[in-house]
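# Working through the structure, step by step
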Amino acid sequence: MSVRRVIGLETEFGVLAPSQPGANSTILSAQVINAYAATVRSGYGHLAGTRWDYADEAPLADARGWNMSRAVADASQLTDTPRELTAEEIALAGGEARAGQTLYSEEDADGHVLMNMVLGNGARLYVDHAHPEYSSPETTGPHDAVLYDQAGDQVALAAQRRIAESPGFAEVLLYKNNTDNKGVSYGAHENYLMPRATSFDDIAAGLLPFFATRQVLCGSGRVGLGMTGRTAGYQISQRADFFEAEVGLETTIRRPLVNTRDEPHATWEKYRRLHVIAGDANLGQVATLLRVGTTALVLSLIEAGTAPQLELRDAVAAVQQISHDPTLRTAVDLADGRRMTALDLQQAYLDAAREHCTRTGAEDPATTDVLTRWQDTLDTLARDVSSAKTTVDWVAKLDLMDRYRDRDGLAWDDHRLAMMDLQWADIRPEKGLYHRVASRGLMETLFTAEQIQSAVVHPPEDTRAYFRGRCLGAYPDDVLGASWDAVTFSIPGRPGTQRIATPEPLRGTREMVGRLFDAGLDVGAFVDELRRGS
Amino acid sequence: MAQEQQRPQPSTQDQEADDAGAPAPAPASPAAQAQTQDVDDLLEDIDGVLEQNAEEFVRGFVQKGGQ
């Protein structure tokens, strides 16, 4: 057992045009996607315009073994049809949002508004509901997952800069957070590939106590309690107050801690994709690593049947009780009558993971790094919470605010603290408070700026994202569309289209197809070789 | 993927104090004063970038539902 697993991370960014109060957020999000398309197009020809292919989307399939009817689904759950802008929204863009005659001045040649694009690093950038979303390429472990999540922040920043430089466009600001503090939350999702043989009941039972408590490692901190944040105070997690159920299919309403969406984007009989919606978006690299690395280990425990036998009396209540106590002293009720703190529950999972890794001989550096950091973080939090400020996002934010409060004598309901909470997540290095703190060397990092910039452009080499990303670079005029599951080509002189399915996330790697790209074949010969090899 | 680990470095003053084998600094020690100065500098930096119209700015940050 190790941390090695196919993993991808999603970030829905908060979006705001300060000079355009009430601007339509779907329009602003489309501006972000089209601005990024323009930045890429200016460097790589037609690479940016690649359409998303919806053929394999199945958002209403439930892992518990049934499908939700489209008729009873919330409109926001129908993510398997292309999201087109309505005439009303277009009109709003020209009126209320005053974004100019078009959504973006550099829209593609046939006049389409891009709502979706595939990037050269294998990621997807698109308008999800009313937010711009970056979905990272598939990676094979928590460290690369962090790297490609950080790359997404740079993609969003590049788009934001492009809009700022465009005459006639209002500045658009992007926030890597999860709530507007007025009752609305949006997600930072994690995706983990699992064998279908693992029972979903076991997954839910093993994850609930873990998800209720891992926020102490990777919460991003929030000013205000309750969905609307009206009660003054500071809490550990951005998302805690927005969960209403333990297990369920929805992600936007009656939000569950364990999401049952069963859309593997891979061979259905072999795999499930666990879609985790319980986490906060992290700016910090170490917090992201802990969020993903510890979860990968717990999934391995569940698959092996060695997860600790713990059951919370009420997991949803526990999430909130734990989040509302930054001293970490709160104990929550277990079904068997015991009471345990979040740190104790986390230690139980860590002990089980360490024992399992020792027993199965998993001593690779990535696994050892996650186990070591997990224990160090729990020890530090138990000794003195504020000492974890160089690695744990909610502690870093709280420490900065406490110093500010001490200096100016501010209560938690002071508007300046709400402003600091929001601006903490501003993705611009010159304005974002996380970035201001990090620029002084006060946050531990795992990757250099150069490594992150390289990940903006180059796909991971050890998953199918390599094939997807390289296809866009090598055959930009011939790729009609792409998705997690396929790349579709139009080949000059041949009728119809050629769809290359990619149902195995660990195929299409550099090792398997790198030589085909390096051979410099024309697209017809390239596709023929692929078909011969598969 | 190659990784480069960067741990936060103590300030120069702290390193000098450590090199000299100084005991844990008392509140008035040079290291503690330097630390206070670092915090003051950080808070001044934040003062300089924080949006000034906090109440109005925060009120204007209204999002539509997401996942």
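Our subject is the structure listed above.
Basis of the calculations
Residues numbered from 1 in each chain as written. Chains lettered and ligands numbered in written order. Predicted model: local features only at pLDDT ≥ 70, side-chain atom pairs only at ≥ 80, totals over all residues. Heavy atoms only, no water. Salt bridge = Lys/Arg side-chain N within 4 Å of Asp/Glu carboxyl O. Helix = DSSP H or I, 4+ residues; strand = E, 2+ residues; numbered from the N terminus. Buried < 20%, exposed > 50% of the residue type's maximum accessible area, 1.4 Å probe, protein only. Core = buried A, V, L, I, M, F, W, Y, C linked by side-chain atoms within 4.5 Å. Contact = heavy atoms within 4.5 Å. Arc of directions from axis to C-beta. Polar contact = N/O pair within 3.5 Å; in protein donor to acceptor, adjacent residues only side chain to side chain. Buried area = accessible area lost by both parts, 1.4 Å probe. Pairing = 2+ DSSP bridges. Axes fitted to C-alpha atoms, helices over the stretch in contact; angles between N-to-C directions. Parallel < 35°, antiparallel > 145°, perpendicular 65-115°, else oblique. Left-handed = near helix turned anticlockwise from the far one by under 90°. Phe/Tyr/Trp six-rings, centres within 6.5 Å; stacked < 30°, edge-to-face > 60°.

The next point concerns the pattern of salt bridges. Under the counting rule described, the total for this entry stands at 38 salt bridges over all chains. Two residues, Arg5(A) and Glu303(A), come together in a salt bridge whose shortest N-O distance is 2.8 Å. On the criterion of sequence distance, the pair formed by Arg5(A) in the segment before β1 (7-12) and Glu303(A) in helix α6 (residues 285-304) is long-range, its members being 298 residues apart. On the basis of relative accessibility, which here comes to 9%, the residue Arg5(A) falls in the buried class. Two residues, Arg373(A) and Asp369(A), come together in a salt bridge whose shortest N-O distance is 3.0 Å. Pair noted here: Arg373(A) and Asp369(A) are both in helix α9 (residues 365-383), with a separation of four residues, about one helical turn. As far as burial versus exposure is concerned, Arg373(A) and Asp369(A) are alike and both buried. Each of Arg407(A), Asp408(A), Asp414(A), Arg416(A) and Asp47(B) takes part in salt bridges that share partners, so that together they form one network.

Turning our attention to the nonpolar core. By size, the foremost hydrophobic cluster in this structure holds 142 residues, and its most contacted members are Leu207(A), Trp374(A) and Trp394(A). Not counting chain neighbours up to four residues away, the residues in contact with Leu207(A) comprise Val258(A), Leu274(A), Val298(A), Leu299(A) and Ile302(A).

This brings us to helix α16 (residues 523-533) of chain A. Residue and element names in this part refer to chain A. Inspection of α16 places Val-523, Gly-524, Phe-526, Val-527 and Leu-530 among the buried residues, and these make up the whole buried set. Looking down the long axis of α16, one finds its buried residues gathered within 165° of arc, a one-sided arrangement. Away from its buried face by more than 90 degrees, α16 exposes Arg-532 and Gly-533. Tucked into the core, α16 has its buried residues touching α14 (465-474), β19 (486-489), β20 (498-501) and α15 (510-518). Capping the start of α16, Asp-522 holds a side-chain oxygen 2.9 Å from the backbone nitrogen of Gly-524, two or three residues further along.

This brings us to the interface of chain A and chain B. Interfaces are often described in size by the accessible area the parts lose on coming together. Taken together, the contacts link 62 residues of chain A with 34 residues of chain B. Taking both sides of the interface into account, the surface hidden between chain A and chain B amounts to around 4,000 Å²; carbon and sulfur atoms contribute 58%. Area buried by chain A at its contact with chain B is led by Lys182(A), Met419(A) and Arg440(A), which between them contribute 13% of it. Summed over the shared surface of chain A and chain B, the result is four salt bridges. The salt bridge partner of Arg440(A) is Asp45(B), with a shortest N-O separation of 3.6 Å. For the side of chain A that touches chain B, the secondary structure elements donating two or more residues are β2 (14-16), α3 (142-165), β9 (173-175), α9, α10 (393-408), α11 (415-424) and α12 (433-439) of chain A.

Our next topic: the sheet that holds strand β7 (residues 124-128) of chain A. Residues and elements named next belong to chain A. Pairing within the open sheet is antiparallel, and its six strands lie in the order β6-β7-β8-β1-β10-β15. Across the chains shown, the open sheet's two edge strands, defined by having one partner strand only, are β6 (116-118) and β15 (271-276). Averaged over all pairs of adjacent strands, the angle between strand axes in this sheet comes to 20°, irrespective of strand direction. With three bridges connecting them, β1 and strand β8 (residues 131-135) associate as antiparallel partners. Paired with Glu-10 across the strands is Ser-135, a residue of β8. On the sheet, helix α4 (residues 200-213) packs against β10 (190-195) and β15 and is oriented at approximately 25° with respect to β15.

Residue and element names in this part refer to chain A. Secondary-structure assignment places Gly-221 in the loop between α5 (215-218) and β11 (222-225). A sequence separation of 59 residues divides Gly-221 from Asp-280, and the C-alpha atoms of the two residues are 8.8 Å apart. In this structure, Gly-221 is in contact with Tyr-234, Gln-235, Ile-236, Ser-237, Gln-238, Asp-280, Trp-394, Lys-397 and Asp-421, ignoring residues within four places of it in sequence.

As a further point, take the packing of α3(A) against α6(A). Residue and element names in this part refer to chain A. Two numbers describe how α3 lies on α6: the axes approach to 9 Å, and their chain directions differ by 135°. Taken together, α3 and α6 sit at an angle that is classed as oblique. Between α3 and α6 lies a crossing whose hand is right-handed. On α6, the residues that touch Pro-142, His-143, Ala-145, Val-146, Asp-149 and Gln-150 of α3 are Gln-285, Thr-288, Leu-289, Val-292 and Gly-293.

Attention shifts here to the packing of aromatic side chains. Residues and elements named next belong to chain A. Taken as a whole and judged by the stated rule, the model has twelve aromatic pairs over all chains. Where Tyr-466 meets Phe-517, the ring centres are 6.0 Å apart and the plane angle is 85°; that geometry is what we call edge-to-face. With Tyr-466 in helix α14 and Phe-517 in helix α15, the pair connects residues that are 51 residues apart, well separated along the chain. Assessed through its relative accessible area of 7%, Phe-517 is described here as buried. Aromatic side chains Tyr-475 and Phe-526 sit 4.7 Å apart centroid to centroid with 35° between the ring planes, which places their arrangement in the tilted category. In this pair, Tyr-475 sits in the loop between α14 and β18 (479-482) while Phe-526 sits in helix α16, placing the two residues 51 residues apart along the sequence.

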